[in-house]
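Close look at the chain arrangement
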Amino acid sequence: MTQKLIVIGAGMASGRMIEHLVETTPDAYDITLFNAEPRGNYNRIMLSPVLSGEKTYEEIVTHDDAWYAANGVTCRFGERIDHIDRTAKTVTAANGDVLPYDKLVFGTGSNPFIIPLPGHDLEGVIAYRDLEDTQRMMSMSTGNKVVVIGGGLLGLEAAAGMAARGADVTVVHIMGHLMERQLDEAAGYLLRKALVDKGITVRCSANSKEILGENGHVRALLLDDGTELPCDLLVMAVGIRPNTKLAADNGLAVGRGIHVDDQMVTSDENILAVGECVEHNGAIFGLVAPLYDQAKVAAATLLNEAAAFEQKELSTKLKVTGCDLFSAGDFAEGEGREDIVFRDPGRGVYRRLVVEDNRIVGAVMYGDTADSNWFFGLIRDKTDIAEMRETVIFGPAYQGGAPLDPLAAVAALPPEAEICGCNGICKGKIVEAIEGGATDLGAVRAVTKASNSCGTCTGLVEQVLAVTLGDDFVLPTAQPICGCTDLTHEDVRRMIKSQELKSMAAVWQECAWKTVDGCHVCRPALNFYLLADWPVEYKDDPQSRFINERKHANIQKDGTFSVVPRMWGGITNARELRAIADAADKYNVPTVKVTGGQRIDLLGVRGEDLPAMWADLNAAGMVSGHAYSKGLRTVKTCVGTDHCRFGTQDSTGLGIKLEKALWGSWTPHKVKMGVSGCPRNCAEATCKDVGIVCVDSGYQIGVGGAAGMDLKEIEPLAQVATEEEAMALTIAFVQLYRENAKYLDRPYKFIAKVGLDWIKERIVDDLSERAALVERFGLSQSVYQKDPWAEHAQTKAETYQPLANLTMEAAE
Amino acid sequence: MSDWIDIAPLDDVPQRGARVVKTRAGCVAVFRTADDKVFALDNTCPHKKGPLAEGIVHGAAVTCPLHNWVISLETGLVQGPDEGQVTTYPARVENGRILLDGAFLRARSAA
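Residues numbered from 1 in each chain as written. Chains lettered and ligands numbered in written order. Predicted model: local features only at pLDDT ≥ 70, side-chain atom pairs only at ≥ 80, totals over all residues.

**Overview of the overall build of chain A**
The secondary structure content of chain A amounts to 25 helices and 39 strands. When burial is assessed residue by residue, chain A has 45% of its 812 residues classed as buried. Summarising the internal contacts of chain A: among those between residues at least 6 apart in sequence, 63% fall at separations of at least 24. (Helix = DSSP H or I, 4+ residues; strand = E, 2+ residues; numbered from the N terminus. Buried ≥ 20, exposed ≤ 12 C-beta atoms within 10 Å, placed from the backbone. Contact = placed C-beta atoms within 7 Å.)

**Focus: the overall build of chain B**
Within chain B, the secondary structure is distributed over one helix and ten strands. Listing the helices and strands of chain B from first to last along the sequence gives β-β-β-β-β-β-β-β-β-β-α. Relative to its full complement of 111 residues, chain B shows a buried share of 50%. The contacts in chain B between residues at least 6 apart in sequence include a share of 42% that link residues at least 24 apart.

**Remarks on the confidence of the model for chain A**
Per-residue confidence for chain A gives a mean pLDDT of 89; residues scoring 70 or more make up 94%. The lowest-confidence element of chain A is strand S21 (residues 315–320) of chain A, averaging 62 in pLDDT; the highest-confidence one is strand S33 (residues 671–676) of chain A, averaging 97. (pLDDT = per-residue confidence, 0-100.)

**Quick word on the sheet that holds strand S34 (residues 690–695) of chain A**
Residue and element names in this part refer to chain A. Spatial ordering of the open sheet is given by S32-S33-S34-S35-S38, a layout of five strands whose pairing is mixed. Two strands in the sheet have a free side with no partner beyond their single neighbour: strand S32 (632–637) and strand S38 (715–720). Across the sheet, the mean angle separating the axes of adjacent strands is 15 degrees when strand polarity is ignored. (Pairing = 2+ DSSP bridges. Axes fitted to C-alpha atoms, helices over the stretch in contact; angles between N-to-C directions.)

**Here we look at the packing of helix H21 (residues 723–740) of chain A against helix H24 (residues 767–784) of chain A**
All names here are of chain A. Relative to each other, H21 and H24 sit at 70 degrees, their axes nearing to 8 Å. Overall, the two elements H21 and H24 adopt an arrangement that is roughly perpendicular. For the pair H21 and H24, the contacting residues are Ala-728, Ile-731, Ala-732, Val-734, Gln-735 and Leu-736 in the first and Arg-770, Leu-773, Val-774, Arg-776 and Phe-777 in the second. (Parallel < 35°, antiparallel > 145°, perpendicular 65-115°, else oblique.)

**Quick word on the nonpolar core**
Residue and element names in this part refer to chain A. Counting residues in hydrophobic clusters, the biggest one holds 92 residues, and the most contacted among them are Val-146, Val-148, Ala-158, Ala-159, Leu-191, Leu-234 and Val-235. Apart from the residues lying within four places of it in its own chain, the contact partners of Val-235 are Ile-126, Tyr-128, Met-137, Val-146, Val-148 and Ala-158. In this structure, Ile-555, Ile-580, Leu-610 and Tyr-628 belong to the second largest nonpolar core, which totals 57 residues. (Core = buried A, V, L, I, M, F, W, Y, C linked by C-beta atoms within 7 Å.)

**So, the interface of chain A and chain B**
With 29 residues of chain A in contact, the opposing surface of chain B contributes 36 residues. Among the residues making up the side of chain A that touches chain B, the classes are represented as eleven nonpolar, ten polar and eight charged. The pairing of strand S39 (residues 804–805) of chain A with strand S2 (residues 17–23) of chain B spans two bridges and is parallel. In the strand pairing of S2(B), Ala804(A) is matched with Val21(B). (Nonpolar A, V, L, I, M, F, W, Y, C, P; charged D, E, K, R; others polar.)

**Remarks on H21(A)**
Taking 1.5 Å per residue as the helical rise, H21(A) with its 18 residues ought to reach 26 Å, and the 26 Å between its terminal C-alpha atoms agrees with that figure. All of the buried residues in H21(A) are Ala726(A), Leu729(A), Thr730(A), Ile731(A), Ala732(A), Phe733(A), Val734(A), Gln735(A), Leu736(A), Tyr737(A) and Arg738(A). (Expected span 1.5 Å × (residues − 1).)

**Some details on the confidence of the model for chain B**
Low pLDDT means the predicted atomic positions in that stretch should not be read closely. Summarising the model, chain B shows a mean pLDDT of 90, and 95% of its residues fall at 70 or more. Scored as a complex, the prediction yields pTM 0.68 and ipTM 0.92.

**Concerning the pairing of strand S30 (residues 591–594) of chain A**
All names here are of chain A. One ladder, built from four bridges, connects S30 with strand S31 (residues 600–605); its direction is antiparallel. Considered in S31, the bridge of Thr-591 is made with Leu-603. Two successive antiparallel strands, S30 and S31, enclose a turn made up of five residues, where Gln-598 displays a positive phi of approximately 65 degrees.

**Digging into the environment of Tyr538(A)**
Tracing the backbone through its elements, the reader meets Tyr538(A) in the loop between helix H16 (522–533) and helix H17 (547–551). Separated by 36 residues in sequence, Tyr538(A) and Lys502(A) have C-alpha atoms that sit 5.7 Å apart.

**Focus: the sheet that holds S39(A)**
Spatial ordering of the open sheet is given by S39(A)-S2(B)-S3(B)-S4(B)-S8(B), a layout of five strands whose pairing is mixed. Each of the sheet's edge strands pairs with one partner strand only, and the pair in question is S39 of chain A together with strand S8 (88–89) of chain B. Strand direction decides the pairing type here: strand S3 (residues 26–32) of chain B and strand S4 (residues 38–42) of chain B, joined by five bridges, are antiparallel. Along S4(B), the bridge assignment pairs Phe31(B) with Phe39(B).

**Observations regarding the pairing of strand S13 (residues 208–214) of chain A**
Residue and element names in this part refer to chain A. Across six bridges, S13 lies against strand S14 (residues 217–223) in antiparallel orientation. Its bridge partner being in S14, Glu-214 is matched across the sheet by His-217. The antiparallel hairpin formed by S13 and S14 contains two residues in its connecting segment, where Asn-215 sits at a positive phi of about 50 degrees.

**Brief notes about unusual backbone geometry**
A negative phi angle characterises most non-glycine residues, just as the trans form characterises most peptide bonds. Positive phi, close to 50 degrees, is recorded for Asn281(A), a residue that is not glycine. Here Asn281(A) is to be found in the loop between strand S20 (278–279) and helix H8 (288–302). In this structure Asn281(A) comes out as exposed when scored by C-beta crowding, with 11 C-beta atoms within 10 Å. With a phi angle near 65 degrees, Asn68(B) is a residue other than glycine that sits in the positive phi range. Mapped onto the fold, Asn68(B) is located in the loop between strand S6 (61–63) and strand S7 (70–72). For Asn68(B), a count of 17 C-beta atoms within 10 Å corresponds to the partly exposed category.

**Some remarks on the environment of Ala283(A)**
With respect to the element layout, Ala283(A) can be found in the loop between S20 and H8. Through-space distance from the C-alpha of Ala283(A) to that of Gly257(A) is 8.6 Å; in sequence the pair is 26 residues apart.

**Some details on the environment of Arg566(A)**
All names here are of chain A. Topologically, Arg-566 is positioned in the loop between strand S29 (561–563) and helix H18 (574–586). What makes Arg-566 buried here is the crowd of 25 C-beta atoms within 10 Å. Spatially, the C-alpha atoms of Arg-566 and Val-623 are 5.8 Å apart, while their sequence positions differ by 57 residues. Ignoring anything within four residues of it in the chain, the contact list for Arg-566 reads Met-622, Val-623, Ser-624, Gly-625 and Trp-663.

**Points about the packing of helix H11 (residues 427–435) of chain A against helix H12 (residues 441–448) of chain A**
Residues and elements named next belong to chain A. Packing of H11 against H12 brings their axes to within 10 Å, and their N-to-C directions diverge by 115 degrees. In this structure, the crossing between H11 and H12 has a hand that is right-handed. Of H12, the residues touching H11 (which contributes Lys-429, Ile-430, Ala-433 and Ile-434) are Val-444, Val-447 and Thr-448. Here the contact of H11 with H12 is composed, by residue class, of five nonpolar, one polar and one charged. (Left-handed = near helix turned anticlockwise from the far one by under 90°.)

Now the structure itself:
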């Protein structure tokens, strides 16, 4: 006997279920299909091609009126269900009709999540879910500005579609990189680069604060950093929530979605659910493959056939605006997991495999996904890859043969093969230079310019040297930064400047890092290089800093910290000393010491007390002394002409001016300065990184002193007549050091590498270069010269406290 | 039978960072990696008792801030040429909250 089946929602899952029913047993059910949207089932995942103009709506309709008619499905489109009486087994439609059912199926899908920002109800604020939304976006073209909130798949497809129509599109994403659920940081970086190349503006780590309107229509999006992004249309694509309201209102078991068992039956044996509205074993579903599996199971259940839905390994192969992306499985790090990373900066390729017990459990690929099916097969079949572990990352073409000898490959290259892309140098030219006597990397660089620009071909050039010279070639001793890379500090600094790399992820990719996110050796160096070269564009990363610079205090061997307030030029007063004494009492500071840099060190402070102590010292007018930083420490002075009978200039005053100009700046290593008022040198200026000795006729400036592991006397840089010149020269020197030195080289080491003459040419002889350096230093200071103590005490104090305190928990 | 204790929102610990949880037997460091995995370890380096929560987190490892020993967050084993092991505790994230296993923490207090 034919039973009555009512289906709520005409989506892709319920549509597929109806297909199975009418194909296998057309007479089993008398089907009535309700849909709130005034149309039947269409292929929602093809809305993006409709948006970009590649397809029309008609082309993506799955079931048209004729199909429903031919299969005897009664359509009630544009109608909602108001109520379900589960005891009587009836539904009540919005118009009051009461219809009986034997079986009821929920296919209510999901609702786009709208962030409840102020202004979210303005006209012109839409989601990206249905045909109406798509049509709104299709009306955007040249001259229109659009903001898309959400850097996931849907948001990026919306952005790319509207950009293709000529609109000026900005994507605002709250996370640090795009599509963070499918991609890791490196792939996210490549995707962002591709989108930016297409003219789309991408703002990551951006928090939306408010949607601004005018006459009831959206005008702009306001970010919490105060930036206003003007727009004619604002699209929110921040995720979906299963639509469970009707089910919950009528007493079905509901969690994040409508609970179903393996047969797709809800907590009521006569009611099933399929698609994005369901929750199965704690999971909810957004991709189409599992929805189709559910449809098949639901159809079988309705026909009293045995079937069970099981969750399978999923892969995502995405084509956002022609960017090749692939992600599959679980690529999070975890117990016993290892990464195999391959990057080809030249082709913009990134591949990462996550391996556990000799099996690939996850993969992320960008740029070349031709082999993705092969990799997905390895994941799905849990193939043992022990035999091909060394080469698996290169794909199926490399399997089965002998391992490649990189030198053999280079030896086989023809003379006209290009080695250095930047300078267009081919192998033949390099061989010629080597045979002409250039027998090391430096000489080849000098003669041919190969590997002299971005440096990524350095390894190749060395291989050409090895092939040409045979045993005579000894690999140069240039040390890579760490095990994460083959490049030296100098190579990486050159890359950051020449390739305009402005994020950590950009460096990792373009410099072919071998690890996922660096290590404790390279991350602090990269963080410094990036902030020194791109002070405005790059955002300092505290997590890549050593603890002292992250917490703005010196860690001691017992895990306590030391606190050193700044005393400008070593000058203090009774009020400051009283505040320091009070802080020492209040926070039980065990040791108070006068430092060699003319200030006071409070040692043994508990980490939790730091913010409160800083706030107290701030209140007395003191700021951080940066006694913990690779940055300006102190400017030591003598009393100069103020009090001393031998003083020739105001050495204290100049010291204070220098300290006020330079404090807060980050440098490759610590920087200490001294200003002595006469050649008796009471401030010991001649063993400082920059030492100034005042004389009757002006100021003798020397650089490169040290009194640490090495003892060095300063080398004379210049003598100048005025305080202004002394300031400018000092600042220019510090900036030159910031821009060119290797991380953790003190100035004396930097000078030994580049030569004092090289420095003099730039800052003593070339006045315009000196001025440019001073200006660049000023730009950096406009960002970084702020008291970290005040900032942390006001905004980050909570992070200095324990995450939780379980000492009160019963120990049992 | 495990009994999970709700500690704090995941976002209270920065990515590639750590915070400590105080217990009667000293601090446990809770780490969060770049891909939002959490790990709980004794906050004490086997070398000279350095506070691991203050270290730099990279991959699934942390470098002790005192003398740069590298410790696996997954196993607690010291990496490289040095030797030693830090006790690890079950930790997980559920609905954006960090959970630690109370039974293990209590066993630790009793020890």
